[in-house]
Amino acid sequence: MIRLSKSIVGQIEAEAVAKVICEDGYLGMGSEVKLFEEEIATFIGVPAENICCVNSGTAALHLAVQAVTEPGDEVLVQSLTFVASFQAISGAGAVPIPCEVLPESITLDIEDARKRLTEKTKAVMPVHYGSNPGNLDAIYEFAEKENLRVIEDAAHAFGCKYKGRNIGSFGDIICFSFDGIKNITSGEGGAIVTSDRNVMALAKDARLLGVEKDTEMRFNGKRSWEFDVKHQGYRFHMSNIFAAVGRVQLGRFISEFAPKRVAIAEKYRELLDGVKGLKLLESDLRFVVPHIMPVRILDGNRDGLKDYLEKKGIQTGIHYKPNHMLSLYGDRAYDLGTSEKLYSELLSLPLHPEVTEEHVVNICESIKSYF
Ligand SMILES: *Cc1c(COP(=O)(O)O)cnc(C)c1O
């Protein structure tokens, strides 16, 4: 079976965890998290105080939304995204407003989003689908004109660039995920990146039950016993165990994971280019380290091809069911025909650093033989 995705972890990660457990003996948020934040900052090219690590990408998005909205405010977000984007918005008390995507890239359709603006719209959440940041300049222009905050769901886009600049090194609020199968993993984890001091202070307090300035104390091996709490907080902080895994993975990303992911995607694109009945999505592999390899299967053939590949031991996925089709988020009438059509066409092919060139050749030949 060729798996769709896979955590690539082993002995080095295990040793880093063993060190935290057997030598350091402090499992909570401490020195490993501080170092991980510093190393992410260096990697992206921002000051360390601009990074806040939490225990999932969803938690990162949740804290970002909470920092810039009041309950009942609306956040424009593409419907075709992982349910985590929507859960983070509603979990923070805001209302996700599902928008259309561009069929070539599955990134936010700004013209559609513009139609859904109301007095309550406070933020826009573009999703870097398949690691493609889409037209970020246009999104920031739109946001500036309409006085909106931008929360980038960059869960797919750790280690990616936009016009040569690292995702996270510019922009408003950027959220990454380090869950098991993302570009790097910390087991579970995520990070908020922003140069907005106020948002960062709110996020850092809220990740640990709203205890003011607890991060500084914990990073110095201390605790706050006398403190104030002004905002709703959560147990969203990252543990030293997770950070230890993340630090090893960050080291492996440039030399090992990124070149492999890019090479696999290049091979797919080379072999599938021009295949009738299949459409590749836009992706600039000079800038993008792809987390997934979605393609569009036209003419109602998606489910048939999916079953055919499954029988040949090739696992595939569907990223994603549009959220306005879910009970929790479908209570209003939304006209999102493009997203619904794309949902019937999308098929994600195996992509993780242990997929070999031989696998890709085999998968592409199977696809061609189906057609
Ligand atoms: C993975 C993912 C998230 C959430 O990240 P977790 O770390 O799994 O909580 C959010 N948005 C998208 C698009 C994702 O793929």
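Residues numbered from 1 in each chain as written. Predicted model: local features only at pLDDT ≥ 70, side-chain atom pairs only at ≥ 80, totals over all residues. Heavy atoms only, no water.

Undergrad: Mind showing me how you'd approach the domain arrangement of the chain here?
TA: In many reports, interface size means the accessible area that the parts give up when they come together. Domain boundaries in the chain define domain 1 (11-248) and domain 2 (254-370). Between domain 1 and domain 2 lies a buried interface of about 2,800 Å² when both sides are counted; carbon and sulfur atoms form 59% of it. At the boundary of domain 1 and domain 2, one finds zero salt bridges. For the pair domain 1 and domain 2, the interface holds 21 residue pairs in polar contact (both at pLDDT 80 or more). Breaking the side of domain 1 that touches domain 2 down by element, the ones donating at least two residues are helix H4 (83-91) and strand S3 (95-99). Its residues assigned to classes, the side of domain 1 that touches domain 2 shows 18 nonpolar, twelve polar and eight charged. (Domains from an automatic or database assignment. Buried area = accessible area lost by both parts, 1.4 Å probe. Salt bridge = Lys/Arg side-chain N within 4 Å of Asp/Glu carboxyl O. Polar contact = N/O pair within 3.5 Å; in protein donor to acceptor, adjacent residues only side chain to side chain. Helix = DSSP H or I, 4+ residues; strand = E, 2+ residues; numbered from the N terminus. Nonpolar A, V, L, I, M, F, W, Y, C, P; charged D, E, K, R; others polar.)

Undergrad: Explain the sheet that holds strand S11 (residues 293-297) here, please?
TA: One key point about sheets: their strands pair by backbone hydrogen bonds, in either a parallel or an antiparallel sense. The strand order across the open sheet formed by three strands is S10-S11-S12, and the pairing between neighbours is antiparallel. If you trace the sheet from one side to the other, it starts and ends with strand S10 (278-280) and strand S12 (346-349), each paired once. Within the sheet, the average angular offset between the axes of one strand and its neighbour, ignoring direction, is 40°. Pairing of S11 with S12 involves four bridges; the strand directions are antiparallel. Counted as the bridge partner of Arg-296 is Leu-346 from S12. Packed on one face of the sheet, helix H10 (residues 302-311) meets S11 and S12 and runs near 25° to S12. (Pairing = 2+ DSSP bridges. Axes fitted to C-alpha atoms, helices over the stretch in contact; angles between N-to-C directions. Contact = heavy atoms within 4.5 Å.)

Undergrad: For this particular structure, what's the right way to read the side chain of Thr-316?
TA: Assignment of secondary structure puts Thr-316 in the loop between H10 and helix H11 (337-345). Take Thr-316: its relative accessible area is 6%, and that puts it in the buried class. Contact partners of Thr-316, with chain neighbours within four places excluded, come to Leu-4, Lys-306, Leu-309, Leu-347, Ser-348 and Leu-349. (Buried < 20%, exposed > 50% of the residue type's maximum accessible area, 1.4 Å probe, protein only.)

Undergrad: Before we go on, may I ask you to explain the environment of Ile-254 in this structure?
TA: Within the fold, Ile-254 resides in helix H9 (residues 240-272). For Ile-254 and Asn-183, which are 71 residues apart along the polypeptide, the C-alpha to C-alpha distance reads 11 Å. Aside from chain neighbours lying at most four places away, what touches Ile-254 is Phe-43 and Pro-259.

Undergrad: Explain the pattern of salt bridges here, please?
TA: Summed over all chains, the structure comprises 25 salt bridges. With a closest N to O distance of 2.8 Å, Arg-207 and Glu-37 form a salt bridge. One end of the pair, Arg-207, is in the loop between helix H7 (197-206) and helix H8 (214-219); the other, Glu-37, is in helix H2 (residues 31-44), with 170 residues separating them in the sequence. Notably, a salt bridge pairs Asp-179 with Lys-182, separated by 3.3 Å at the nearest N-O pair. Assessed through its relative accessible area of 9%, Lys-182 is described here as buried. Three or more residues joined by partner-sharing salt bridges are found here, namely Glu-13, Arg-252 and Glu-256.

Undergrad: Where do I start with the environment of Arg-149 in this structure?
TA: Here Arg-149 shows up in strand S5 (residues 149-153). Classification of Arg-149 as partly exposed rests on a relative accessible area of 25%. When the C-alpha atoms of Arg-149 and Phe-257 are compared, they prove to be 32 Å apart, with 108 residues separating the residues in sequence.

Undergrad: Please clarify how the site of the ligand should be interpreted in this entry.
TA: Among the 17 residues in the neighbourhood of the ligand, the closest are listed as Gly-57, Thr-58, Asp-153, Ser-177 and Lys-182. The separation between an oxygen atom of the ligand and a polar side-chain atom of Tyr-320 is 3.3 Å. In the complex, the protein chains occlude 94% of the 380 Å² of accessible area that the ligand would expose alone. For the shell around the ligand, the elements supplying multiple residues, two or more each, are helix H3 (57-68) and H4. For the shell around the ligand, the leading source of residues is H3, giving three residues. (Near = heavy atom within 4 Å. Areas by Shrake-Rupley, 256 points an atom, 1.4 Å probe, with all protein chains shown as cover.)

Undergrad: When you look at H3 in this model, what are you seeing that I'm missing?
TA: In an α-helix, one turn spans 3.6 residues, which is why side chains three or four residues apart end up on the same side. Taking 1.5 Å per residue as the helical rise, H3 with its twelve residues ought to reach 16 Å, and the 17 Å between its terminal C-alpha atoms agrees with that figure. Burial of H3 is extensive: ten of the twelve residues sit out of reach of the surface. What H3 keeps buried is the set Gly-57, Ala-59, Ala-60, Leu-61, His-62, Leu-63, Ala-64, Val-65, Ala-67 and Val-68. Its side-chain oxygen 3.4 Å from the backbone nitrogen of Thr-58, Ser-56 forms the N-cap of H3. (Expected span 1.5 Å × (residues − 1).)

Undergrad: How should the packing of aromatic side chains be read in this particular structure?
TA: The relation between two aromatic rings is expressed through the spacing of the ring centres and the mutual angle of the planes. Under the definition given, this model contains 13 aromatic pairs. An angle of 85° between the planes, with centres 5.6 Å apart, marks the rings of Phe-158 and Phe-178 as edge-to-face. Residue Phe-158 is located in the loop between S5 and strand S6 (161-162), and its partner Phe-178 is located in the loop between strand S8 (173-177) and strand S9 (190-194); the two are separated by 20 residues in the primary sequence. In this structure Phe-178 comes out as buried when scored by relative accessible area, which is 0%. Taking 5.8 Å as the distance between ring centres and 70° as the angle between the ring planes, the aromatic pair formed by Tyr-370 and Phe-371 counts as edge-to-face. Judged by relative accessible area, Tyr-370 falls into the partly exposed class, the value being 26%. Three or more aromatic residues joined by ring pairs form one cluster here, namely Phe-36, Phe-43, Phe-158, Phe-176, Phe-178 and Phe-253. Between the NZ or CZ atom of Arg-165 and the centre of the ring of Phe-170, over which it lies, the distance is 4.1 Å. (Phe/Tyr/Trp six-rings, centres within 6.5 Å; stacked < 30°, edge-to-face > 60°. Lys NZ or Arg CZ within 6 Å of the ring centre and 35° of its normal.)

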